[in-house]
Structure formats: structure tokens, C-alpha cells
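# Inside the fold
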Amino acid sequence: MRVLLVDDEEKFVSRLAERLEIRGFESDWATTSAEAFSKAAAAKYDVAVLDVKMPHMSGLDLKKKLQEMSPDMKFIFVTGHGSEEDYCAGSREGFCYIIKPFKIETLVEKINQAMNV
Amino acid sequence: MEHEIARACAQGLSFFGKTNRLISHELKNVLAIISETLGLIDELIELSETGMGLEPGKLRSLSESVIEEVERANAIIRNMNTFAHSVDEIVGEVEVGQSVKLVMELCQLESAAKRTKLRFEKSEPCVLHTSRFFLENLIHHALVYALHGVGPENEIRVSLSSDEHGVRIGFAGIACNVIGEFPTKKGHLLARIVGAEVSMNPAAGELTIALPKKMDDAGIQNLISKD
């Protein structure tokens, strides 16, 4: 399973990718939307894990663009805004949200759920 | 005037809340990096127990980055604490440079989102008798305006100058085509409370806040409980 992680915090996203690799996922990461587009153009990803709040383009807008490129791609959002209201608002929109910081097992579970594994 | 002060207080609460939300967001990012880094260290150690080599250089780099993030969190919390003290004394002696630097640091997340550098041009200490909290609110409002209309250099330069009348805070690097929109209603209100004059130089892409040596604080003092 191939996962693309996008977050402007490089240390966070690179270490998360490495931890997913240890668990058997093929993982790439990007810190900008432009970088994410170029990676998505070059390879096919099953799941994208996107930060909600990023410079220039929000995770929600990035999701729309990535979906145009890869209609089958599944999406998981991560956010630093940890209020219950934010979580409920996100859930209402039908997306899977994980609040930072989280346990890697939670992300793995959400990736497997997204892929019906 | 008292009605305006009450409106400014309501604006101030909103500013206080928004700033705290940004700080908590920033702290969550730091915690997430620490959590992932320590998780990775733990997994590398576990893998080494199954025979995979452990690179001391990599471990050192990971542990150093935890220390860096702790320092980053400490700086964020220090700013949060300084900002919380802004409301200790509603009017008093204020070193304007310290307030400008604090607001610039609090705006780091917004400036990063705009890929814009904030540069403070150092100056001599400039002390005024004013309301620190409303002044910081006004500086923040001006800085956010400047960030929304940043010019092609992608850099906002903030400078201070003083004379016998008071202190001038200059914001340079704003795109010329957006400069006419300031001050907004909120900007007007905050400027009135601290007795500031806001002026713009569209050709130069500059915005200036001129603050008096001593603001007229009679209206605010009337609202403060004396017991």
C-alpha cells in the first residue's frame, strides 16, 4: 500500500513516513502542495494523509486537486486544532480526522479502514 | 468614548482568544514532532534488538531534534506568558519595541502561511504611557493587514522611531494596490483608544502608526473598578 504524507512540518512528516515504512507501507512525504502535486503526478498513491492547515493551500483544497489527479485516492486529515467542535465539524463533512499528536497505531488503523483492509 | 472602549474590549477578547488558539495549534505541532521522533527512536532500538544495526549518528540527530523542539515549545510558552501579562495593567509604561517584537513572534504562523519574512529593525527603547493590550491589538491588526497585502519582496519590515511627541511604528513592504483599505473600522477604533494616528504612503507601500507619549486614559480609568 502506497501512502503520501503532506505537512509543512518537515520533521513531523519525514518521521511519520519512516515509521510507516517500518510497518510495511510504501511512504513518500511532501511539505508543500506543489511538492505533493509533483509526487502524485509521478506515482500512484492509495492514501493521502494531509495536514488541514498549510501555507498557500489548505488540506481541503489540496484534497480536491489530488482527487482530480487520482479519483481513487483515499484521504485522511490531520490537524493541530484539537477542539471537539473542530472534530465534529470535520466528521460531519465525512472525512477522517486525526488530531495531533496521535499514536501511530491510530493512523495505521485509519489507513487500513480507508482501504477496507 | 466609554461605548467605544467597551467595543474595543470585546474586540480585545476576540484577539486574545484567536492568539491563544494559534499558540495551542503551534504547541500541538511541537508535541507531534516530539511524539514521532521518540516513537521512531523507540522503534529503531527495537529493530536493533532483532539484529538490525543502530546508527549512533542518526540517534544523536533525532535526540538533538527533540531538544530543539523543547526549546521551541519553551519560546512559544514564554511568549504566551508575556502576552497573558499584557492585561495585568490596563494603562502604564510600555516599551513599544518589546510589544512589537512579541506581536511579530505571535504572527509567525500567519507569516509562514503567507511565506513572508517579518523583519524588525532594531531601535533604542521607546517608552510610552499607554495601554499595552490595546496597543498590541492595534500592532497585530496592522501586521495582519500588511501580511494580506504583502508586496513582491515577501518581506514586511517593521521599524520604530521616536521624538518629543511620541513613537512611530512603520510597516514597509506592503503592495501598493491594497494600501488604501487601512485603517478598517476595527483599526480606527483601536487607534482612537490609544490616541494613535494611522497614515499611509501608498507609493512607498508603507503604513505608519504614530503614538502619543501619553494616551488620554480618562475613559478607561472610569471603567476600571476602584475597589
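Going by the structure above, here's the rest.
Residues numbered from 1 in each chain as written. Chains lettered and ligands numbered in written order. Predicted model: local features only at pLDDT ≥ 70, side-chain atom pairs only at ≥ 80, totals over all residues. Heavy atoms only, no water.

## Observations regarding the packing of helix 2 (residues 33–42) of chain A against helix 3 (residues 59–69) of chain A
Packed helices, taken two at a time, are described by the angle their axes make and the gap between the axes. Residues and elements named next belong to chain A. Viewed as axis vectors pointing N to C, helix 2 and helix 3 meet at an angle of 15°, and their least axial separation amounts to 10 Å. As far as their axial angle goes, helix 3 and helix 2 are roughly parallel. Between helix 2 and helix 3 lies a crossing whose hand is right-handed. Along its contact with helix 2, which presents Ser33, Ala36, Phe37, Ala40 and Ala41, the element helix 3 presents Leu62, Lys65, Leu66 and Met69. Taken together, the residues of the contact of helix 2 with helix 3 sort by class into seven nonpolar, one polar and one charged. (Axes fitted to C-alpha atoms, helices over the stretch in contact; angles between N-to-C directions. Helix = DSSP H or I, 4+ residues; strand = E, 2+ residues; numbered from the N terminus. Parallel < 35°, antiparallel > 145°, perpendicular 65-115°, else oblique. Left-handed = near helix turned anticlockwise from the far one by under 90°. Contact = heavy atoms within 4.5 Å. Nonpolar A, V, L, I, M, F, W, Y, C, P; charged D, E, K, R; others polar.)

## Comments concerning the packing of aromatic side chains
All names here are of chain B. Summed over all chains, the structure comprises eight aromatic pairs over all chains. For the pair Phe133 and Phe134, a centre-to-centre distance of 5.8 Å together with 55° between the ring planes defines the contact as tilted. Pair check on accessibility: Phe133 and Phe134 agree, each one buried. Within the aromatic cluster, the residues linked to one another by ring pairs are Phe15, Phe16, Phe83, Phe133 and Phe134. (Phe/Tyr/Trp six-rings, centres within 6.5 Å; stacked < 30°, edge-to-face > 60°. Buried < 20%, exposed > 50% of the residue type's maximum accessible area, 1.4 Å probe, protein only.)

## A word on unusual backbone geometry
A cis amide bond links Lys100 of chain A with the next residue in sequence, Pro101 of chain A, at an omega value of -15°. Looking at the secondary structure, you find Pro101 of chain A in the loop between strand 5 (96–99) and helix 5 (104–114). The backbone of Asn154 of chain B shows a phi angle near 55°, a positive value even though the residue is not glycine. Assignment of secondary structure puts Asn154 of chain B in the loop between helix 5 (132–148) and strand 4 (155–162). Judged by its relative accessible area of 35%, Asn154 of chain B is partly exposed.

## Some thoughts on the nonpolar core
Across soluble globular proteins, nonpolar side chains have a tendency to be buried as a group. Ranked by internal contacts, the top residues of the largest apolar core, which has 55 residues, are Ile169, Phe171 and Ile209 of chain B. In terms of residues, this core owes the most to one element, helix 5 of chain B, which gives 10 residues. Setting aside its immediate chain neighbours within four residues, Ile169 of chain B contacts Val96, Val100, Leu135, Ile139, Val158, Ser159, Leu160, Leu207, Thr208, Ile209 and Leu211 of chain B. By size, the runner-up hydrophobic cluster in this structure holds 20 residues, among which are Leu20, Val49 and Ile104 of chain A together with Ile33 of chain B. (Core = buried A, V, L, I, M, F, W, Y, C linked by side-chain atoms within 4.5 Å.)

## A few points about the sheet that holds strand 2 (residues 117–121) of chain B
All names here are of chain B. Here five strands make up an open sheet; going across it, the order is 2-4-5-7-6 and the pairing mixed. The open sheet is flanked by strand 2 and strand 6 (197–201), the only strands paired with a single partner. Here the strands of the sheet are splayed against their neighbours by 20° on average, with no regard to which way each runs. (Pairing = 2+ DSSP bridges.)

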